[in-house]
Each structure stands twice: as C-alpha cells, then as structure tokens.
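Listed here are the chains, written in short residue letters.
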Amino acid sequence: MRVMPAISVIVVLLAAGSVARAADDGSARSGWYLGAGLGTGWTSDLTQEGWNRDRFCTPDAACFDEVPIPTVSGYRWRYDIALDSGAAFELSLGRFFGRTRLELAVAQRTNDTRQTFAGIAYLDGSAIRPRAGGTVASNGRGAIDRRRVRSVTLDAYYDFPNAWGAVTPYVGAGLGQSSVEMAEVRFATNYRNVSAAAERYDPPLSFYNSVQDEGLNDTAFVWRLHAGADYALGRRTSLGLRLTWSAAGEFEDTGAYETHPMHGIDPDFTNTNAFSGGRSWTLMLAFRRGIGD
C-alpha cells in the first residue's frame, strides 16, 4: 500500500528523536502547543471516470436504425479535470518530544475546477458508432464547480533547533483520512433534429434528454511529506513557512438524475463517478504557540 512509506518515515523520525534526546539532553524540549496555518495550494489534474446502466440506444447512434431498436448495456465516460490554485488552512495540536514533534492536524483545501470531456463508450467498452446519415444531434454539457478536501492527519516532525540562529528547519511526514467533495457536479444533454425536414419521433426526442446536478462526496486515505523552517518570535512562539506534498487515494460516489429516460423504468436511476490523481503542493504560513507549563 502507498501509505507504508509515510508510516516508515514517521517511525524513523520518532526513533531519530529518541536517539537525539539521549545524545543531547541540552536540546531536549517538551510540552504542548497549538498551531495555525494559512496558505495556497496547487494540485495536478484529476481523472474522472463515470458509468451507468442506461438501456436506451440514443437517436444519434447507429443502433437506432436497427429493427427492433436494441437495448444497450449502459454507458461509460471520461473527463480530465484541471484544478486551479486555491486557499488552504490548518489547525493543529502538537507536543514536543525533544527534537521530535507529534501533531494532530485538521486541514481544508479548496480548488476551482475545469472539466474537459475525454470520451464516451458503451459500458462494456465498445465504441458508440454514429448513425449513418443521421439528422439528430446531441448537445452534452458538463461542469464541476470546485473540489474541497477536508483532512485529519497525524504528522511527525524532526526539528533541527536553532540550526540557522533563530531559525529552526524541520522535515516531517504524516497520514490520515480525508473527506473529498466535488461540489455542483452538473451534466445535461438534449437531442434535436438538424434536418430541414421535420422528421417525427415516437417517443419524441426530448424523451432522451437527461439532467444531473449533484454534489459528490467520499472519503480516502491521505499521506503527506513536509519541509519547512520556523523563526522564533519568543520562547514559546514561532512563525514560519512550510511546504507540503500530499496525495489522496481514489474516491467515488453515486448520484441521481433530475431528468432521465430511465426514470420510467427506475425512478431512482443513478450513475457513479470515480476520481483519481490530484497530487498537491501547499505553501503555508504557520504560527505556533506553546501552551501549559
């Protein structure tokens, strides 16, 4: 599993902290602290793959000319999703163990999205052949408003106290659970006759139209790697910069349609969309304040 490298790094950091304390008691630190961070994040493209079990052959496909018109197995589609840079913030509770710190962090990152259609096929993967000489055109439109990731992670850090005077550089790693939301997932398609002659259809072309407007949510593992440096503002407070690389596992959710030809057969007809990819970088201004004695 991909969480194993993060687990290994945490174990190494904790072990290194124990060794450092034993070797240099003068640098030992202990106590609890609170932290807060605000910054911006960049995320690589996502891949979206969706599917349903729509049985209807659409009037712009070759199967529509067969007699009788056959049923199909369903449909499978793909999109590429680019994510804009977005805001990120984090709250944390941690404890020093000499040069090592353990930290429980709650974070949120939001990115606007740009969805690009990448292809569609039948559910079994076979190509959808266009209707020869067909006079019906379809107009499919899809969009996703934004992606929001909320995470809870346990992170371990190894500090190099005062390595650059009042500046303490550090490295770290963590893992946890994230809640991923794709907000305002919208899709609509309609069919129209583009010929000069008004050919009649029974049922009418509008029967094949579909509309979806949903929010999709799921949970996934998240793992993180950190590098940063803190400047001491006083004995108990610091301000610094932290660069974090993070990755989340694949997630998927099922959504309903507002309008769909399958509603006459199944009023609760749904589709499923899965999202993968999306490795992130976050640059954050981090404040830390010691609490307690």
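Residues numbered from 1 in each chain as written. Predicted model: local features only at pLDDT ≥ 70, side-chain atom pairs only at ≥ 80, totals over all residues. Heavy atoms only, no water.

## Re the pairing of strand β6 (residues 136-159)
Across 13 bridges, strand β5 (residues 100-122) lies against β6 in antiparallel orientation. Bridge pairing in β6 links Arg101 to Tyr157. (Pairing = 2+ DSSP bridges. Helix = DSSP H or I, 4+ residues; strand = E, 2+ residues; numbered from the N terminus.)

## What to know about the nonpolar core
In terms of nonpolar packing, the biggest core is built from 17 residues, with Cys57, Cys63, Val72 and Tyr122 touching the most fellow members. Here the element with the most residues in this core is strand β3 (residues 75-83); it accounts for three residues. Residues contacting Cys57, with those up to four places away along its chain left out, are Cys63, Phe64, Ile69, Pro70, Val72, Tyr75 and Tyr208. Counting residues in hydrophobic clusters, the runner-up holds eleven residues, among them Ile81, Val185, Leu216 and Phe275. (Core = buried A, V, L, I, M, F, W, Y, C linked by side-chain atoms within 4.5 Å. Buried < 20%, exposed > 50% of the residue type's maximum accessible area, 1.4 Å probe, protein only. Contact = heavy atoms within 4.5 Å.)

## Notes on the environment of Ala232
By secondary structure assignment, the location of Ala232 is in strand β8 (residues 210-232). What makes Ala232 partly exposed here is its relative accessible area of 34%. Along the sequence, Ala232 and Gly278 sit 46 residues apart, while their C-alpha atoms lie 34 Å from each other. Excluding its chain neighbours within four sequence positions, the residues that come into contact with Ala232 are Ala166, Thr237 and Ser238.

## A look at the pairing of β8
The pairing of strand β7 (residues 167-193) with β8 spans 21 bridges and is classified as antiparallel. The partner of Gly176 across the bridge, within β8, is Val222. Bridge count for β8 against strand β9 (residues 237-248) is eleven bridges, and the pairing is antiparallel. Bridged to Trp223 within β9 is Ala247. Between the antiparallel neighbours β8 and β9 lie four residues.

## Some remarks on the side chain of Gln108
As for its placement among the helices and strands, Gln108 is situated in strand β5. Of the polar contacts made by the side chain of Gln108, one reaches the side chain of Arg150; its length is 2.9 Å. Contacts of Gln108, omitting those with residues within four sequence positions, involve Ala87, Ala88, Phe89, Arg148, Val149 and Arg150. (Polar contact = N/O pair within 3.5 Å; in protein donor to acceptor, adjacent residues only side chain to side chain.)

## A short note on the layout of surface pockets
A volume near 690 Å³ is recorded for the largest pocket. Sorting the residues of the lining of the largest pocket by element identifies β2 (46-52), β3, β5, β6, β7, β8 and β11 (270-277) as the ones contributing at least two each. At five residues, the largest contribution of residues to the lining of the largest pocket is made by β7. Residues that form the lining of the largest pocket fall into these classes: 15 nonpolar, 13 polar and five charged. Each pocket or cavity is described by its volume, and for the second largest pocket that value is around 570 Å³. Lining the second largest pocket are 24 residues; nearest its centre among them are Arg29, Phe96, Gly234, Arg235 and Arg236. Elements that contribute at least two residues to the lining of the second largest pocket include exactly β1 (30-43), β8, β9 and β12 (280-291). Split into classes, the residues belonging to the lining of the second largest pocket amount to eight nonpolar, nine polar and seven charged. (1 Å grid on protein atoms, 1.4 Å probe; cavity = no way out; pocket = protein on both sides within 12 Å on 5 of 7 lines; lining within 4 Å. Points joined across faces, edges and corners; volume = space filled by probe spheres on them. Nonpolar A, V, L, I, M, F, W, Y, C, P; charged D, E, K, R; others polar.)

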